[in-house]
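# An overview of the molecular structure
So the chains spell out like this:
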Amino acid sequence: MVSSMDCASCHQQIFKNWNQSMHRQSFTNRIYQDSHKDEPLEWCLNCHAPLKTTSNVMEEKRFLEEEGVSCITCHVRNQKILTSKKKEGNSLTHSYTVVTVMNQEEFCGNCHQFNWPTRKSFINTNKNIVYSDIPMQNTLGEYKISKLKKTRNCQSCHLFRNSLKSHTFPGGHNKTYLEDSFFVTLERASQDNFKLIIKTNEIAHSFPTGDLFRSMRIRILTPKEYLIKEWILNKEFIPNEDNLDKPPKILVADTSFPPPNENGESIKEFLFRYSHNETELKFELYMDYLNATSHLHGSVPLSDSLLLFKKGELTIPPISPNKG
């Protein structure tokens, strides 16, 4: 039980699913590698390549970093398998340690919920990290104020235990998963004024969530695919250049979808004008994984950093008799 490869012979489907997941690519994917090259902070590795040797020496290379968040990361301690509940019968292969939190959202929060390090920690990278009281990634916090909290947790939507999809961990990089997570409709307010309505479908946290540079791009286009308008949903930051005990960036705006309401959906409306005589318009939804600076100066191509996950046609409604 040194490498995840040691699990493959007995847990073939789970290993195959994990091996194609973003957990497997948490260290090797180009977006992370490009970002880490610019800011090579060791504390980033605690989630992206969390396994270390028993040495106390600061290491540039983590143990099995190419496996990212691996089977060993979550399930092996002291040559025992961590499990959320006691296994029936006796195993000739494994000894188990019951860790009930593995069945709870807090287990995922170890990597998906953490505060900003202070600006001083970014400047003095050779000293111990000191964290501020402001979330840098707040996915677990968002989930906890979601109305869907009563019916599901992180594992329900991303782990798929006891199924053929077990340990696939679909999320913000999975086109099919994203496509099914949004409904798009069009309303007409007047002759030339329209309302694009987008609803999330059972996303139990804000969207986009996770990495602070992520954006969702929404585009409305003519039938010949000329752009009418684009909206960008994200978190906007400005640099903190004064207080060393605060984060290096300050949140100034958040246009992302908030956690869902009691109907399991979060709704945003986007107004635009269009004066041509058409019967339909087109829309496109994108995940953008980088900010503008990284797009301009980074090495990640658009094919890896911009994902078109949903598109379609929208019939233009007729003008209502009571609207001008």
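Each remark here, short or long, concerns the structure printed above.
To keep things clear, this report deals only with the structure shown in the data block. Predicted model, so just to flag it, every value in this text is computed and none were measured.

## A short note on the sheet that holds strand 9 (residues 227-239)
Spatially, 10-9-8-12-13 is the arrangement adopted by the five strands of the open sheet, whose pairing is antiparallel. Of all strands in the sheet, those with a lone pairing partner are strand 10 (249-254) and strand 13 (306-315), marking the two edges. When the angles between neighbouring strand axes are averaged without regard to direction, this sheet yields 20 degrees. Sheet topology places strand 8 (residues 215-221) next to strand 9; seven bridges connect them, and they run antiparallel. Directly across from Leu-221, in strand 9, lies its bridge partner Leu-227.

## Some thoughts on unusual backbone geometry
A negative phi holds for most residues other than glycine; trans holds for most peptide bonds. Between Phe-207 and the following residue, Pro-208, the backbone shows a cis peptide bond with an omega angle of -5 degrees. Here Pro-208 is to be found in the loop between strand 7 (193-200) and strand 8. We note that Gln-79 has phi near 65 degrees; this positive angle belongs to a residue other than glycine. Relative to the elements of secondary structure, Gln-79 occurs in the loop between strand 1 (76-77) and strand 2 (80-83). You will see that Glu-225, though not glycine, has its phi angle at about 70 degrees, which is positive. Along the chain, the position of Glu-225 falls in the loop between strand 8 and strand 9. Since its relative accessible area comes to 48%, Glu-225 is described here as partly exposed.

## A closer look at the sheet that holds strand 1
Read across the open sheet, the three strands follow the order 1-2-3; overall the sheet is mixed. Unpaired on one side and paired on the other, strand 1 and strand 3 (96-98) mark the two borders of the sheet. In this sheet, strand 2 lies alongside strand 1 in antiparallel orientation, the contact comprising two bridges. Within the sheet, the bridge partner assigned to Arg-77 lies in strand 2 and is Lys-80.

About the thresholds
Residue numbers restart at each chain and count upward from 1, following the sequence in its written direction. Totals for whole chains, interfaces and linings use every residue, but because this is a predicted model, local features are given only for residues with pLDDT of at least 70 and side-chain atom pairs only at 80 or more, for both listing and counting. Hydrogens and waters are ignored; side-chain quantities use all the structure's heavy atoms. For two strands to be treated as a pair, DSSP must find no fewer than two bridges joining them. Strands are runs of DSSP state E lasting at least 2 residues, helices are runs of H or I lasting at least 4, and numbering of each runs from the N terminus. Axis angles are defined between N-to-C directions and span 0 to 180 degrees, where every axis is a line fitted to C-alpha atoms and, for a helix, only to the segment in contact. Think of it in three bands: with a 1.4 Å probe and only protein chains considered, a residue is buried below 20% of the maximum accessible area for its type, exposed above 50%, and partly exposed in between.

Everything listed here is a matter of geometry and, on its own, says nothing about what the molecule does.
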